[in-house]
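Single-letter residue listing:
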Amino acid sequence: MKFIFIWLCLLVVTPVLAQNLMEERIWKVAPRKKSIFLDSGVFHYNSNLKTASIMGVRNSAVNGRGYERVVIDFNSSTIPKIYGHITPNKKVSIDFFDTNIQTSQPNMKNSKFVKAVDFISVDGKTMTMEMSLKGKSSFDIFYLENPGRLVIDIR
């Protein structure tokens, strides 16, 4: 009887604590700006690139555009494989696979939306970038080639 009770409790509690990917918006990062701003979800890009280096992170804002642009520069002609998640608690996390970092400090100046950018080396081959935000924001994420750049527009 105890076994059945414990099994039923686990059956009910486990789905409550799990991330429901059926409700998450999942999209592939495109090579052009779409002007569709999302405030949560999962994004990805699959690349055949074997190794890449992050050369810098910079931001810019023009009053007339209505958004701030954050650009991650790479030393390659395209971007590496990425997997990212926009969370409701004012944070964006992006995993860059087979990537290292060549800069010690992101060049984020006078950002209206970004509080901090931190890089964490997961296993020597994967780099995680955590971008903490000052408030609730929405995002348009795309990439550019030659040289490879991941572009995040925030509003």
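Residues numbered from 1 in each chain as written. Predicted model: local features only at pLDDT ≥ 70, side-chain atom pairs only at ≥ 80, totals over all residues. Heavy atoms only, no water.

**Q** How do you make sense of the sheet that holds strand β10 (residues 139-144) when you look at a structure like this?
**A** Pairing between the strands of a sheet is mediated by backbone hydrogen bonds and can be parallel or antiparallel. Taken together, five strands build an open sheet; the order of strands is β7-β3-β4-β11-β10 and the sheet is mixed. Of all strands in the sheet, those with a lone pairing partner are β7 (99-101) and β10, marking the two edges. Mean inter-strand twist for the sheet, computed between neighbouring axes without regard to direction, equals 30°. Across six bridges, β10 lies against strand β11 (residues 149-154) in antiparallel orientation. Residue Phe 139 lies in a different strand from β11, and its bridge partner there is Ile 154. (Pairing = 2+ DSSP bridges. Helix = DSSP H or I, 4+ residues; strand = E, 2+ residues; numbered from the N terminus. Axes fitted to C-alpha atoms, helices over the stretch in contact; angles between N-to-C directions.)

**Q** Please clarify how the sheet that holds strand β2 (residues 41-45) should be interpreted in this entry.
**A** A sheet is described by the order of its strands in space; here six strands give the open sequence β1-β2-β5-β6-β9-β8, paired in mixed fashion. With one partner strand each, in any of the chains shown, β1 (26-28) and β8 (114-121) form the two edges of the open sheet. Ignoring which end each strand starts from, the neighbouring axes of this sheet average 15° apart.

**Q** Help me understand the packing of aromatic side chains, please; the structure alone is not making it clear to me.
**A** Here a ring pair, both rings aromatic, is described through the centre-centre distance and the interplanar angle of the planes. With the rule as written, the count across this model stands at four aromatic pairs. Ring geometry for Trp 27 against Phe 43: centres 5.6 Å apart, planes inclined by 35°, an arrangement best described as tilted. Remark: Phe 43 occurs in strand β2 and Trp 27 occurs in strand β1; sequence separation between them is 16 residues. In this structure, Trp 27 and Phe 43 share a single accessibility class: buried. Positioned above the aromatic ring of Tyr 67 is the side chain of Lys 33, whose terminal nitrogen or guanidinium carbon lies 4.5 Å from the ring centre. One cation-aromatic arrangement involves Lys 81 over Phe 97; the distance from NZ or CZ to the ring centre is 5.2 Å. (Phe/Tyr/Trp six-rings, centres within 6.5 Å; stacked < 30°, edge-to-face > 60°. Buried < 20%, exposed > 50% of the residue type's maximum accessible area, 1.4 Å probe, protein only. Lys NZ or Arg CZ within 6 Å of the ring centre and 35° of its normal.)

**Q** How should the pairing of β11 be read in this particular structure?
**A** In summary, the side chains of a regular strand alternate between the two faces of the sheet. The element β11 is largely enclosed, with a buried count of five among its six residues. Direction of pairing for strand β4 (residues 68-74) relative to β11: antiparallel, over a ladder of six bridges. If you follow Asp 73 over to β11, its bridge partner there is Arg 149.

**Q** Help me understand the side chain of Asp 140, please; the structure alone is not making it clear to me.
**A** Tracing the backbone through its elements, the reader meets Asp 140 in strand β10. Only 3.5 Å separates the side chain of Asp 140 from the backbone nitrogen of Lys 34, close enough to count as a polar contact. If sequence neighbours within four positions are ignored, Asp 140 has contacts with Lys 33, Lys 34, Ser 35, Ile 36, Phe 37, Val 151, Ile 152 and Asp 153. (Polar contact = N/O pair within 3.5 Å; in protein donor to acceptor, adjacent residues only side chain to side chain. Contact = heavy atoms within 4.5 Å.)

**Q** So what exactly am I meant to see when it comes to the nonpolar core here?
**A** Burial of nonpolar side chains together is a common tendency in soluble globular proteins. Grouped together as the largest cluster of nonpolar side chains are 30 residues, with contacts concentrated most on Phe 96, Met 131, Leu 150 and Ile 152. Discounting chain neighbours no more than four positions away, the residues touching Phe 96 are Ile 54, Ile 72, Phe 74, Pro 80, Lys 81, Ile 82, Lys 125, Thr 126, Met 127, Met 129 and Leu 150. (Core = buried A, V, L, I, M, F, W, Y, C linked by side-chain atoms within 4.5 Å.)

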